[in-house]
Amino acid sequence: MESQEGAAAAAAAAAAATRDCVLDFSRLSLNTFNVNNVSEDRQRDTRQLFLNYNRLSWLPSSVSLFYNLEFLDISNNGLTAICEGITRLTKLKTLLAKNNRLDEFSLPKEFGSLQLEVLNFSGNRFQEIPLQCTKLLRLQSLSIGGNRLKSIPAEIEYLTSLEMLYLGGNLISDIPPELAHLPYLTYLVLCDNRIQSVPPQLARLHSLRSLSLHNNLLTYLPREILSLVHLQELSLRGNPLVVRFVKEMMYDPPSLLELAGRTIKSRNIPYSPYDMPSNLVRYLDLASKCPNPKCAGVYFDSCVRQIKFVDFCGKYRLPLMHYLCSPECTSPCSSNPQSDAESEEENSVPADRLQRVLLG
């Protein structure tokens, strides 16, 4: 009993200490923030400071008196600039400044000297990503969504610790190849922009698990995207390529060589190196089985490329490329919403196994 009471007392003390480290001035309709109203002891002990949902138009440099501060939320105010004093917060790891009036001229010159790990400037007025942000070498999460960005600077490659980059809801038209130099990037959100193409260099993002490109102007994707072996989520809805994928079916008639090979393989006619030249044996060994479970056919070089939309975790309809041996295996123009091959496959592949999105 005593040990339980001791543990409870320790937990209560820890909770009290945590509360002492948090200073919450949010939702108080403050027009100014007077640091002098906070005791020196409280300034020293505060680790988290909440000033969000007020009416602040400026942040006093005296905020630097919270010299042990690790977390600062100044979101949902009317801020037009970040004060110079913030650069003296050497322990600051998280800065949330969403939904203000900040732009590329709002940051102090030495902003890049901070040791930030999380930075959120979403819902502001940035037309460019400030170069100070590209000097935050410890940054793991950068969000500048819902601004007026027209481009991504090549200097983004300096953020080699970045794991999450959110730039959705801007005016971006191009993805710089330098983005591929971010080895730990796991989540990349570029939805709701004006992007027309994806550079093949993005295939080097071997840590990438989620790529959001919906509501852009994409008409194609590079084959190199197949190299993103850890990609689990790809959002493409609202792009011209989706319409093209639905309507397009490419099929080159098989050659006489392929027709002969298909006959041999589908009828299980035995063969050996003693029966034919070695190059023909190698050719026959390269046969691929048609994925349609109701078809016993095979193919070599000639196949039907078809894009099919499959539900992914109930959130997305992902276009998956698959190859069929002939047009008879599918009915893309049929009145039925799904062919036999499609319905069989959708029922047999659970969402948690859709680890790769294949696009030709």
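- Where an unreviewed UniProt entry is consulted, the protein chain appears under the name Leucine rich repeat containing 58, with the organism given as Poecilia formosa.

**Quick look at the overall build of the protein chain**
No. 1: Tallying secondary structure elements over the protein chain gives six helices and 15 strands in all.
No. 2: For the protein chain, with 360 residues in total, the buried portion stands at 44%.
No. 3: Expressed as a percentage of contacts within the protein chain between residues at least 6 apart in sequence, the contacts between residues at least 24 apart total 40%.

**With respect to the sheet that holds strand S9 (residues 210-212)**
No. 1: Sheet architecture is open: 10 strands sit in the order S1-S2-S3-S4-S5-S6-S7-S8-S9-S10, paired in parallel fashion. Two strands close off the open sheet at either side, each with one partner strand: strand S1 (22-24) and strand S10 (233-235). Averaged over neighbouring strand pairs, the angle between their axes works out to 5° when direction is ignored.
No. 2: When strand S5 (residues 118-120) meets strand S6 (residues 141-143), the two strands line up parallel, connected through three bridges. Along S6, the bridge assignment pairs Asn120 with Ser143.

**Points about empty space enclosed by the protein**
No. 1: Applying the stated criterion across every chain yields a total of one cavity of 30 Å³ or more.
No. 2: Empty space within the largest cavity amounts to approximately 60 Å³.
No. 3: Residue composition of the lining of the largest cavity, grouped by class: 10 nonpolar, no polar and one charged.

**Description of the pattern of salt bridges**
Pairing is possible between side chains that carry opposite charge, provided their charged atoms lie close to one another.
No. 1: Taken as a whole and assessed by the stated rule, the structure comprises three salt bridges.
No. 2: In this structure, Asp41 and Arg44 form a salt bridge, with 3.3 Å as the shortest nitrogen-oxygen distance. With a gap of three residues between them, Asp41 and Arg44 both fall in helix H2 (residues 40-45), about one helical turn apart.
No. 3: Measuring nitrogen to oxygen at the nearest pair gives 3.0 Å for the salt bridge that ties Arg44 to Asp45.
No. 4: Note on Arg44: relative accessible area 34%, which makes it partly exposed.
No. 5: What emerges from the salt-bridge pattern is a single network uniting Asp41, Arg44 and Asp45.

**Points about helix H5 (residues 278-285)**
No. 1: Val281, Tyr283 and Leu284 are the residues of H5 that are buried. Axial view of H5: buried residues confined to an arc of 160°, hence all on one face. Seen from the open side of H5, the exposed residues pointing more than 90 degrees away from its buried face are Arg282 and Asp285.
No. 2: Against the buried residues of H5 lie helix H4 (256-266).

**Thoughts on unusual backbone geometry**
No. 1: We note that Tyr53 has phi near 60°; this positive angle belongs to a residue other than glycine.
No. 2: Relative to the helices and strands, Tyr53 resides in the loop between strand S2 (48-50) and strand S3 (71-73).
No. 3: Owing to a relative accessible area of 38%, Tyr53 belongs among the partly exposed residues under this scheme.

**Side note on the nonpolar core**
No. 1: Grouped together as the largest cluster of nonpolar side chains are 65 residues, with contacts concentrated most on Phe111, Leu119 and Phe121.
No. 2: Excluding its chain neighbours within four sequence positions, the residues that come into contact with Phe111 are Ile86, Thr87, Leu95, Leu116, Leu119, Phe121, Gln132, Cys133 and Leu136.
No. 3: One finds Val281, Tyr283, Val298 and Phe300 within the second-largest nonpolar core, a separate group that totals six residues.

**Overview of H4**
No. 1: Taken residue by residue, H4 has Glu258, Gly261 and Arg262 as its buried positions. Buried residues of H4, seen end-on, are gathered within an arc of 100° and therefore sit on one face of the element.

**What to know about the packing of aromatic side chains**
No. 1: Under the definition given, this model contains five aromatic pairs.
No. 2: Their ring planes at 45° and their centres at 5.2 Å tell us that Phe50 and Phe71 sit as a pair that is tilted. With a gap of 21 residues between them, Phe50 in strand S2 and Phe71 in strand S3 connect regions that are remote in the sequence.
No. 3: Over the aromatic face of Tyr53 sits the side chain of Arg27, whose NZ or CZ is 4.0 Å from the ring centroid.

Quick notes on the rules
Residues numbered from 1 in each chain as written. Predicted model: local features only at pLDDT ≥ 70, side-chain atom pairs only at ≥ 80, totals over all residues. Heavy atoms only, no water. Helix = DSSP H or I, 4+ residues; strand = E, 2+ residues; numbered from the N terminus. Buried < 20%, exposed > 50% of the residue type's maximum accessible area, 1.4 Å probe, protein only. Contact = heavy atoms within 4.5 Å. Pairing = 2+ DSSP bridges. Axes fitted to C-alpha atoms, helices over the stretch in contact; angles between N-to-C directions. 1 Å grid on protein atoms, 1.4 Å probe; cavity = no way out; pocket = protein on both sides within 12 Å on 5 of 7 lines; lining within 4 Å. Points joined across faces, edges and corners; volume = space filled by probe spheres on them. Nonpolar A, V, L, I, M, F, W, Y, C, P; charged D, E, K, R; others polar. Salt bridge = Lys/Arg side-chain N within 4 Å of Asp/Glu carboxyl O. Arc of directions from axis to C-beta. Core = buried A, V, L, I, M, F, W, Y, C linked by side-chain atoms within 4.5 Å. Phe/Tyr/Trp six-rings, centres within 6.5 Å; stacked < 30°, edge-to-face > 60°. Lys NZ or Arg CZ within 6 Å of the ring centre and 35° of its normal.

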